[in-house]
Amino acid sequence: MLVFYGFASLSTSANAGREHRGDTGLGVAIVLGFLCFALLVGYLVDLVVQLVKHQPALVVADLLVLAALCMPFGWVSCHWYGMVDSTICWLPLHAFGALLNLLQI
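What comes next is a walk through the structure. (Residues numbered from 1 in each chain as written. Predicted model: local features only at pLDDT ≥ 70, side-chain atom pairs only at ≥ 80, totals over all residues. Heavy atoms only, no water.)

A closer look at the packing of helix H3 (residues 56-80) against helix H4 (residues 90-102)
Phase 1: Here H3 crosses H4 at 115°, and the two axes come no closer than 8 Å. Of the possible angle classes, the one that applies to H3 and H4 is roughly perpendicular. Crossing of H3 over H4 shows left-handed handedness. From H3, Met71, Pro72, Gly74, Trp75, Cys78 and His79 reach across to H4, where they touch Leu91, Pro92, Leu93, Ala95, Phe96, Gly97 and Leu100. (Axes fitted to C-alpha atoms, helices over the stretch in contact; angles between N-to-C directions. Helix = DSSP H or I, 4+ residues; strand = E, 2+ residues; numbered from the N terminus. Parallel < 35°, antiparallel > 145°, perpendicular 65-115°, else oblique. Left-handed = near helix turned anticlockwise from the far one by under 90°. Contact = heavy atoms within 4.5 Å.)

This is the structure we're talking about:
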């Protein structure tokens, strides 16, 4: 993910002066969305496998990773539907917002 973030930063800065500079950012966002979706599916499958094997430590680890992967979707959904003041949106907005501030995005 860090390598992908570096690639995204380099490609958007390299294309900043060109005519269609938003195309690179959109392409990177689409690839990142597909990558996040693939990770969600993989961890959901692993969660089911660990539940069947009765390994609670690995189930908790899978749930934490799934929660981290769902944060961007919750952040976008809360903004999309105008629910920024609701209590259900507090965690995605603050957790993912803090990550965005940390990365200076």
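Observations concerning the nonpolar core
Phase 1: Of all hydrophobic cores here, the largest spans six residues; its members are Cys36, Leu40, Leu47, Val59, Leu66 and Leu69.
Phase 2: Counting only elements with at least two residues in this core, the list comes to helix H2 (21-53) and H3.
Phase 3: Once residues within four sequence positions are removed from consideration, Leu69 is found in contact with Cys36, Leu39, Leu40 and Tyr43. (Core = buried A, V, L, I, M, F, W, Y, C linked by side-chain atoms within 4.5 Å. Buried < 20%, exposed > 50% of the residue type's maximum accessible area, 1.4 Å probe, protein only.)

Quick look at H3
Phase 1: The terminal C-alpha atoms of H3 lie 35 Å apart, and with 25 residues this matches the ideal 36 Å at 1.5 Å per residue to within 8%.
Phase 2: Considered for burial, the residues of H3 that qualify are Val59, Asp62, Leu66, Leu69, Met71, Gly74 and Cys78.
Phase 3: Just downstream of H3, Gly82 is the residue with a positive phi angle, here 70°. (Expected span 1.5 Å × (residues − 1).)

As for H4
Phase 1: Counted at 1.5 Å a residue, the expected span for H4 with its 13 residues is 18 Å, and the 18 Å between its end C-alpha atoms agrees.
Phase 2: Looking at H4, one finds that the buried residues are Pro92, Leu93, Phe96, Gly97 and Leu100. Across the axial projection of H4, the buried residues extend over an arc of 110°, all falling on one side. In H4, the exposed positions angled more than 90 degrees off the buried face are occupied by Trp90, Asn101 and Leu102.
Phase 3: If you follow the buried residues of H4, they end up packed against H3.
Phase 4: Just downstream of H4, Gln104 is the residue with a positive phi angle, here 55°. (Arc of directions from axis to C-beta.)

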